[in-house]
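# Fold and geometry: a report
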Amino acid sequence: MTNKRVLIVDDEPDIVESIKFNLELENIECIEAYDGEEALSKAQNDKPDLILLDIMLPKMHGYKVARLLKFDESYKHIPIIMLTARTQKSDIKIGEETGADEYVTKPFDMDELMGLVKKYLRM
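Now for a description of the structure that goes with this document. Computed from a predicted structure; not experimentally measured.

### Some details on the pattern of salt bridges
If you walk through the whole model with that rule in mind, you get 10 salt bridges. Among the salt bridges present, the one from Arg5 reaches Glu29, with a minimum N-O distance of 3.5 Å. Separated by 24 residues along the polypeptide, Arg5 in strand E1 (residues 5-9) and Glu29 in strand E2 (residues 29-33) bring together distant segments of the chain. The class of Glu29 is partly exposed, set by a relative accessible area of 35%. Lys119 is the partner of Glu102 in a salt bridge, and the nearest nitrogen-oxygen pair spans 3.3 Å. Here Glu102 is found in strand E5 (residues 102-105), whereas its partner Lys119 is found in helix H5 (residues 110-121), with 17 residues between them in sequence. Each of Asp10, Asp54 and Lys106 takes part in one network of salt bridges that share partners.

Shown next as structure tokens:
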């Protein structure tokens, strides 16, 4: 069985490292991106099985990254879990409109996040 591949996108290196550590314990390959443009490029080039996407990013916000991927036939099948400190109903609604599959608020429970990752990776 080939390893599952997850793109982790957050401008906070500590969050990326924490998620990466937990995913690698499950033998999940991790790709890292720290801004929206890098996220879009890596999603298109590395074709992850799942994307964990922060909303507040430099260069291009996560909503736009999600929208560009979800409305492109080549990438719309990739599940996106939005990670954000923004918890207003309007923010969640925008997240849903971009095609995000889940919306997880920070600070998140790592076990809960790992459960969602496994659900979407069918592990």
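### Regarding the nonpolar core
Counting residues in each nonpolar core, the largest one holds 22 residues, and the members touching the most others are Leu7, Val9, Ile51, Leu53, Val65, Leu69 and Met82. Listing elements by their share of this core, those giving two or more residues are E1, E2, helix H2 (36-46), strand E3 (50-54), helix H3 (62-70) and strand E4 (80-84). Ranked by the residues each element gives to this core, the list is headed by H3, at four residues. The residues touching Ile51, leaving out its near neighbours within four places in the chain, are Leu7, Val9, Ala43, Leu69, Ile78, Pro79, Ile80 and Ile81. Membership of the second largest hydrophobic core comes to 20 residues, among which are Ile19, Ile28, Leu83 and Met110.

### Some thoughts on a negative patch on the surface
A cluster of acidic residues, Asp11, Glu12, Asp14, Glu17 and Glu24, forms a negative patch on the protein surface. Along the chain, the position of Glu24 falls in helix H1 (residues 13-25). Assessed through its relative accessible area of 41%, Glu24 is described here as partly exposed.

### Some points on the pairing of E4
Across the five residues of E4, five count as buried, placing the element largely inside the fold. Taking every second residue as pointing to the same face, both faces of E4 are buried, with Ile80, Met82 and Thr84 on one and Ile81 and Leu83 on the other. Pairing between E3 and E4: four bridges, direction parallel. Paired with Leu52 across the strands is Ile81, a residue of E4. Crossover connection from E3 via H3 to parallel E4: handedness right-handed. Relative to E5, E4 runs parallel, the two sharing four bridges. Considered in E5, the bridge of Met82 is made with Tyr103. With helix H4 (residues 89-97) bridging E4 and its parallel neighbour E5, the resulting β-α-β unit is right-handed.

About the criteria used
- Residues numbered from 1 in each chain as written.
- Predicted model: local features only at pLDDT ≥ 70, side-chain atom pairs only at ≥ 80, totals over all residues.
- Heavy atoms only, no water.
- Salt bridge = Lys/Arg side-chain N within 4 Å of Asp/Glu carboxyl O.
- Helix = DSSP H or I, 4+ residues; strand = E, 2+ residues; numbered from the N terminus.
- Buried < 20%, exposed > 50% of the residue type's maximum accessible area, 1.4 Å probe, protein only.
- Core = buried A, V, L, I, M, F, W, Y, C linked by side-chain atoms within 4.5 Å.
- Contact = heavy atoms within 4.5 Å.
- Patch = residues over 30% accessible without salt bridge, like charges linked within 9 Å, V, L, I, M, F, W, Y side chains within 5 Å.
- Areas by Shrake-Rupley, 256 points an atom, 1.4 Å probe, with all protein chains shown as cover.
- Lys, Arg positive; Asp, Glu negative; His and termini not counted.
- Charge placed at Lys NZ, Arg CZ, Asp CG, Glu CD.
- Pairing = 2+ DSSP bridges.
- Right-handed = clockwise from strand over helix to strand, strands pointing away.

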